[in-house]
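Structural overview for review
Now for the letters of each chain:
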Amino acid sequence: VQAQQLLRKPKNLSWAEASSYGLKLFTSYRMLFVQAEIKPGDRVLIWGASGGMGSYAIQLCRAVNAIPICVISSDNKKEYCKSLGAELFIDRRDFPYLSQYIDGDVPLQELRKFGQAVRAVTGGYMPDIVFEHTGAETFPTSVFVARKNGKIVTCGATTGYKLSFDARYLWMHQKKIIGSHGCNAHDASRANNLIEQ
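Below you will find a few notes about this structure. Remember, it's a predicted structure, so these values are computed and weren't measured experimentally. (Residues numbered from 1 in each chain as written. Predicted model: local features only at pLDDT ≥ 70, side-chain atom pairs only at ≥ 80, totals over all residues. Heavy atoms only, no water.)

**Some words on the overall build of the protein chain**
Here is the rule: The helix count covers DSSP runs of H or I at least four residues long, the strand count covers runs of E at least two residues long, and both are numbered beginning at the N terminus. Here the globule rule reads 2.2 Å times residues to the power 0.38, and the radius of gyration is calculated from C-alpha atoms. Throughout, the Shrake-Rupley method with a 1.4 Å probe supplies accessible areas, and for residues the shown protein chains are the sole cover considered. In this count, Lys and Arg are taken as positive residues and Asp and Glu as negative ones, while His and the chain termini are left out. Charge coordinates come from a single atom per side chain, which is NZ of Lys, CZ of Arg, CG of Asp or CD of Glu.
Regarding its fold elements, the protein chain presents eight helices and six strands. Helices and strands in the protein chain line up, N terminus first, as α-α-β-α-β-α-β-α-β-α-β-α-β-α. The C-alpha atoms of the protein chain give 17 Å as radius of gyration, which agrees with the globular expectation for 197 residues (16 Å, within 12%). Principal-axis analysis of the C-alpha atoms places the extent of the protein chain at approximately 50 × 30 × 30 Å. Carbon and sulfur atoms form 51% of the exposed surface of the protein chain, whose accessible area is close to 10400 Å². Of the side-chain charges in the protein chain, 24 are positive and 17 negative, and the distance between the mean point of each set is 5 Å.

As structure tokens, then:
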């Protein structure tokens, strides 16, 4: 391993603990802090909130007083997200048709139902940032629910990389789709400092 690829182990962690967080944390950090430029008060819709990426996204939101909106699919996952400080939840099981396409599109009424659920938990607001890493099954909804001038930041496509969405919701509301990769040494170092703090 080259020296510039290494980070100091946080003193408060064991070697095993220090080996476990890098990829997910550093990617989530870059997505939110570097690419989406998260700020206090931002509402962030997090797909797969209880997973590796999502759980760090929740904690990063809390670190800057942004508001995570967690998409979960079980009561256990909801409880886990609560333990990380999350308070707003949408149960993915209530929206089984979001991943079913008709002539290449998710039915508009299904997108609207999900949007209504987002507004219901936020007091009427749509997300400033959508934390997207699942791909084909969620991307049409991500583009639809991001607020006017909102951002959809993505780093992956675990459910498929061929994305289909209604571009009218992108251009008419001046939303931004932002691609992101893992991290660079600078981002990793800054995220690692958060672990120490």
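**Side note on unusual backbone geometry**
Short version of the rule: Each residue is placed in one exposure class: buried if its accessible area under a 1.4 Å probe, protein chains only, is under 20% of its type's maximum, exposed if it is over 50%, and partly exposed if it falls in between.
Positive phi outside glycine occurs at Asn65, with the angle close to 60 degrees. On the accessibility criterion, Asn65 (57% relative accessible area) is exposed.

**Here we look at the packing of helix α2 (residues 22-35) against helix α8 (residues 185-196)**
The description of two helices packed together rests on the angle between their axes and the distance between the axes. Rules: Here an axis means a line fitted to C-alpha atoms, over the contact stretch when the element is a helix, while the angle between two N-to-C directions is reported on a 0 to 180 degree scale. By the definition adopted for this analysis, an angle is roughly parallel if under 35 degrees, roughly antiparallel if over 145, roughly perpendicular if from 65 to 115, and oblique otherwise. In what follows, residue pairs with any heavy atoms lying within 4.5 Å of each other are defined as contacts. Each residue gets one label: Ala, Val, Leu, Ile, Met, Phe, Trp, Tyr, Cys and Pro are nonpolar, Asp, Glu, Lys and Arg are charged, and the others, such as Gly, are polar.
Relative to each other, α2 and α8 sit at 105 degrees, their axes nearing to 9 Å. Taken together, the axes of α2 and α8 are roughly perpendicular relative to one another. Residue-level inspection shows Leu25, Phe26, Tyr29, Arg30 and Val34 of α2 in contact with α8, the latter providing Asp187, Ala188, Arg190, Ala191, Asn192, Leu194 and Ile195. When grouped by side-chain class, the residues that make up the contact of α2 with α8 number eight nonpolar, one polar and three charged.

**Observations regarding the side chain of Arg43**
Assignment of secondary structure puts Arg43 in strand β1 (residues 43-46). With near-sequence residues (within four places) excluded, Arg43 lies in contact with Ile67, Ile69, Thr122, Tyr125, Met126, Pro127, Asp128 and Ile129.

**Thoughts on the nonpolar core**
Proteins that are soluble and globular tend to have nonpolar side chains buried together. Note the threshold: Among buried residues, the Ala, Val, Leu, Ile, Met, Phe, Trp, Tyr and Cys ones that are joined through side-chain atoms within 4.5 Å form a nonpolar core.
Counting 31 residues, the largest nonpolar core has Leu32, Ile38, Val44, Ile46, Cys70, Cys81 and Phe131 as the members making the most contacts within it. Looking at this core, the elements with two or more residues in it are α2, β1, α3 (52-63), β2 (67-72), β4 (129-132) and α8. In terms of residue count, α3 provides more of this core than any other element does, six residues in total. Discounting chain neighbours no more than four positions away, the residues touching Val44 are Leu32, Ile38, Cys61, Ala66, Ile67, Pro68, Ile69, Ile129 and Phe131.

**Digging into the pattern of salt bridges**
To keep things clear, this is the line we draw: One side-chain nitrogen of Lys or Arg within 4 Å of one carboxyl oxygen of Asp or Glu is enough to make a salt bridge.
By the definition in use, this model includes ten salt bridges. Across the pair Asp187 and Arg30 runs a salt bridge whose closest N-O atoms are separated by 2.3 Å. Of this pair, Asp187 sits in helix α8 while Arg30 sits in helix α2, and the two are 157 residues apart along the sequence. By the burial criterion, Asp187 is buried, and Arg30 matches it.

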